[in-house]
Structure formats: C-alpha cells, structure tokens
Amino acid sequence: MTLLIQDEYPKKLLREDGLRLDGRGLTDLRPIKMEVDVIKNADGSAYIEWGNNKIFASVYGPREVHPHHLAKPDRGILRVFYRMATYSVFERKRPAPGRREKEISLVISECLEPVLFLELYPGTSFEIFIEVIDADGGTRCASTTVAALALADAGIPMRSLVSSCAVGKVDGQLITDLSGIEDKAGDSDMPVAMTWFNDEISLLQFDGKMNQEEMDKSLDMAKDALENVYQMQLEALKKKYIQIQEGI
Ligand code: CDP
C-alpha cells in the first residue's frame with residue numbers, strides 16, 4: 001500500500017542489513033511479468049505487472065485522425081493517453097485526466113515516436129491507450145515498456161523496442177527501480193528509457209539531487225536494468241508466436 005501522508009513516510013528506506021524495505025538488493029528489479037495480445041478488440045495490446053503496478057496498453061492504427069484538424073498531410077501522428085484508474089492509488093484519484101497524466105502521456109509519446117516510421121503514414125494516427133489499474137511507483141517506465149510491446153504486438157513496423165526503468169537514490173545509496181515509497185520518500189528519482197536501434201536514451205527525467213559521479217553510476221545501473229527489461233519484452237513477444245505455432 002502506498003502511503004501518501006508525508007509524516008507517515010518511514011525515516012529510513014534501507015534496513016540494517018543493507019537491503020531495501022521490500023527485501024531487494026540495491027540493484028534488484030521488482031518481479032516483472034509481461035504478456036501480449038490481451039485485448040481482442042485492439043490492433044495490438046499488452047499487459048505488465050511490475051512489482052505492484054498493473055498496467056494495460058492497447059494500440060489502434062494506422063487509422064483516420066479524430067479530430068480531423070490534428071491530421072498532418074506529410075506524416076502520421078502518435079497519440080498516447082496515459083490514465084490512472086480512480087482506485088489505482090491509496091487516495092482516490094480524480095477521474096478527469098490531470099496535469100500529471102497529460103505530462104506522462106506526452107513524455108511516453110516522445111520516447112516512443114523515434115522508433116516508428118510515422119513518415120510512411122500521412123494523414124493517419126496511431127493511438128495508444130494506457131490504463132494503470134494499480135500504481136506503486138515507476139508507472140511511466142512500466143507504461144512505456146508495455147506500450148512498446150503493444151505496438152510490436154499490433155505488427156506496426158518499428159525500428160526497435162523501447163525499454164524503460166527508473167534509478168534513483170535513497171538514504172544516500174543509488175538504487176534501481178524505485179517502488180512507490182522509495183519514489184516519494186527517497187532523495188532522487190531518474191526515469192530512463194532506451195531505444196535499442198540506436199542505443200540512445202529517449203527519456204530522461206530527474207527529480208532530486210545527485211552529483212556527477214552518482215549521475216554517471218546511475219546511468220550505468222539504468223543500462224543494466226534496461227537490458228534485463230528488454231530481454232523480458234522479447235520473451236513476451238516470442239511466447240505469443242510459440243503459442244500460435246503449438247496451437248495453444
Ligand atoms: O508513477 P511514476 O513514478 O512514473 O510517477 P510519479 O508522479 O513519480 O508517481 C509516483 C507514484 O506515486 C505513482 O506510481 C503512484 O504510486 C503514486 N501516486 C499516487 O499515489 N497518487 C497520485 N495521484 C499519483 C501518483
């Protein structure tokens with residue numbers, strides 16, 4: 001359960017034995033499960049459980065743009081709608097999309113766009129609907145990861161997948177994959193995403209304080225974590241085709 005009241009945050013986020021409150025080592029990811037083709041009415045879809053986060057992504061497109069005035073004559077457009085269910089967090093979230101959801105939709109869109117060939121689809125749109133059912137820190141990273149999987153599941157040509165994970169600092173120690181409580185009560189939080197066709201970082205946000213050395217080490221930790229996330233994405237995609245092949 002995520003605590004929202006500042007006074008209730010634990011004073012220390014690392015235990016006496018050096019492990020984190022949920023028993024992880026400093027660079028351990030939370031347990032992650034991914035599955036594609038989970039929403040039959042979508043062109044492509046995927047589901048991710050990342051720690052306590054539970055997130056669906058569905059993709060539609062290329063299709064006609066509504067409203068029409070958003071259409072671009074020389075290229076397709078990508079629209080991302082990240083939404084958190086009212087019941088996905090400890091304190092009821094207002095149902096209308098807030099500033100945070102709009103910002104996260106935008107950053108996810110910007111980090112996925114480089115892998116798409118939008119120039120080949122003038123006048124059309126690709127839409128990704130991301131529904132966070134349960135949230136516990138790092139939802140923008142898990143959403144980016146699951147959205148990339150849903151795009152691939154839709155059979156949309158892509159330069160590569162995109163993987164995302166946060167790194168940060170708690171109690172003066174650098175850690176990988178912040179949980180909700182670590183995100184809120186920790187010293188810093190840095191969500192990172194990587195596009196694999198060019199090994200470039202397509203998302204880097206930062207909240208808190210770090211010196212240059214910590215920043216460099218965090219990026220190295222992020223790259224290790226992203227490599228693991230990428231392998232899990234590939235496995236989830238392969239699993240679908242193995243099941244088709246075996247007639248499951
Ligand atoms: O989810 P992410 O870390 O990408 O974004 P955030 O804005 O840093 O939010 C961190 C966490 O705060 C979320 O994952 C939720 O668990 C929690 N949160 C919340 O409890 N209530 C909200 N209205 C928004 C976020």
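Right, let's walk through the structure included here. These figures come from a predicted structure and were not determined experimentally. (Residues numbered from 1 in each chain as written. Predicted model: local features only at pLDDT ≥ 70, side-chain atom pairs only at ≥ 80, totals over all residues. Heavy atoms only, no water.)

Here we come to the site of the ligand. In the vicinity of the ligand there are twelve residues, among which Arg100, Gly137, Gly138, Thr139 and Arg140 approach most closely. Residue alanine 135 places a main-chain N or O atom 3.3 Å away from an oxygen atom belonging to the ligand. Here aspartate 136 contributes a backbone N or O atom positioned 3.5 Å from an oxygen atom of the ligand. Taken by itself the ligand offers 510 Å² of open surface, and the protein chains cover 81% of this. Of all the cavities here, the one that holds the ligand is the largest pocket. Of all the secondary-structure elements, those providing two or more residues to the shell around the ligand are helix H2 (139-153) and helix H3 (180-185). For the shell around the ligand, a count of residues per class yields four nonpolar, three polar and five charged. (Near = heavy atom within 4 Å. Polar contact = N/O pair within 3.5 Å; in protein donor to acceptor, adjacent residues only side chain to side chain. Areas by Shrake-Rupley, 256 points an atom, 1.4 Å probe, with all protein chains shown as cover. 1 Å grid on protein atoms, 1.4 Å probe; cavity = no way out; pocket = protein on both sides within 12 Å on 5 of 7 lines; lining within 4 Å. Sits in = over half its atoms within 2 Å of the grid points. Helix = DSSP H or I, 4+ residues; strand = E, 2+ residues; numbered from the N terminus. Nonpolar A, V, L, I, M, F, W, Y, C, P; charged D, E, K, R; others polar.)

Bringing the layout of surface pockets into the picture now. Of the pockets and cavities examined, the largest pocket occupies roughly 500 Å³. Every residue lining the largest pocket is counted, 27 residues in all, and those nearest its centre are Arg100, Gly137, Arg140, Asp183 and Lys184. Of all the secondary-structure elements, those providing two or more residues to the lining of the largest pocket are helix H1 (99-112), H2, H3 and strand S8 (188-195). When its residues are assigned to classes, the lining of the largest pocket shows ten nonpolar, six polar and eleven charged. Taken as a whole, the second largest pocket spans an internal volume of roughly 240 Å³. Taken together, 13 residues make up the lining of the second largest pocket; nearest its centre are Leu78, Arg79, Val80, Leu106 and Ser109. (Points joined across faces, edges and corners; volume = space filled by probe spheres on them.)

Turning our eyes to something else, we now look at the sheet that holds strand S4 (residues 77-84). The strand order across the open sheet built from five strands is S1-S2-S3-S5-S4, with neighbouring strands paired in mixed fashion. The sheet is open, and its two borders are formed by strand S1 (32-36) and S4, each paired with just one other strand. Between one strand axis and the next, the sheet turns through 15° on average, direction left out of account. Direction of pairing for strand S2 (residues 44-50) relative to strand S3 (residues 53-64): antiparallel, over a ladder of seven bridges. Bridged to tyrosine 47 within S3 is phenylalanine 56. Strands S4 and strand S5 (124-134) of the sheet are contacted by H1, whose axis makes an angle of about 140° with S4. The sheet strands contacting H2 are S1, S2, S3, S4 and S5, and the helix crosses S2 at an angle near 150°. (Pairing = 2+ DSSP bridges. Axes fitted to C-alpha atoms, helices over the stretch in contact; angles between N-to-C directions. Contact = heavy atoms within 4.5 Å.)

Our focus in this paragraph is the pairing of S3. With antiparallel pairing between neighbouring strands as the criterion, S2 and S3 make up a hairpin whose turn holds two residues, including glycine 51 at a positive phi of roughly 60°. Of the pairings in the sheet, the one linking S3 to S5 comprises nine bridges and is antiparallel in character. Along S5, the bridge assignment pairs lysine 54 with aspartate 134.

Our next topic: the pattern of salt bridges. Following the criterion strictly, the structure yields 19 salt bridges and no others. For the salt bridge of glutamate 49 with lysine 33, the shortest nitrogen-to-oxygen distance reads 3.7 Å. With glutamate 49 in strand S2 and lysine 33 in strand S1, this pair connects stretches of sequence that are 16 residues apart. With its nearest N and O atoms 3.7 Å apart, the salt bridge here joins lysine 54 to aspartate 134. With a gap of 80 residues between them, lysine 54 in strand S3 and aspartate 134 in strand S5 connect regions that are remote in the sequence. What makes aspartate 134 partly exposed here is its relative accessible area of 29%. What you see here is one network of salt bridges that share partners, running through Arg20, Asp22, Arg24, Arg30, Asp177 and Glu182. (Salt bridge = Lys/Arg side-chain N within 4 Å of Asp/Glu carboxyl O. Buried < 20%, exposed > 50% of the residue type's maximum accessible area, 1.4 Å probe, protein only.)

On to H1. Along an α-helix, residues three or four apart share an orientation, since each turn contains 3.6 residues. With 14 residues, H1 should cover 20 Å at 1.5 Å per step; its first-to-last C-alpha distance of 20 Å lies within 8% of that length. Looking at the buried side of H1, the elements it contacts are S4, S5, H2, strand S6 (162-170), S8 and strand S9 (200-204). (Expected span 1.5 Å × (residues − 1).)

Within the structure shown, the criterion is met by five aromatic pairs. Ring geometry for tyrosine 121 versus phenylalanine 126: centroids 5.0 Å apart, planes at 90°, classification edge-to-face. Residue classification places phenylalanine 126 among the buried positions, given a relative accessible area of 1%. Pairing tryptophan 196 with tyrosine 230 gives two aromatic rings, centres 4.6 Å apart and planes at 20°, and the pair type is stacked. Of this pair, tryptophan 196 sits in the loop between S8 and S9 while tyrosine 230 is found in helix H4 (residues 212-245), placing the two residues 34 residues apart along the sequence. For the pair formed by tryptophan 196 and tyrosine 230, the shared burial category is buried. Among the aromatic side chains, those forming a connected cluster through ring pairs are Tyr60, Phe81 and Phe129. The residue whose ring lies beneath arginine 159 is phenylalanine 117, and the NZ or CZ to ring-centre distance is 4.2 Å. Over the face of the ring belonging to phenylalanine 197 we find arginine 159, whose NZ or CZ atom lies 5.9 Å from the ring centre. (Phe/Tyr/Trp six-rings, centres within 6.5 Å; stacked < 30°, edge-to-face > 60°. Lys NZ or Arg CZ within 6 Å of the ring centre and 35° of its normal.)

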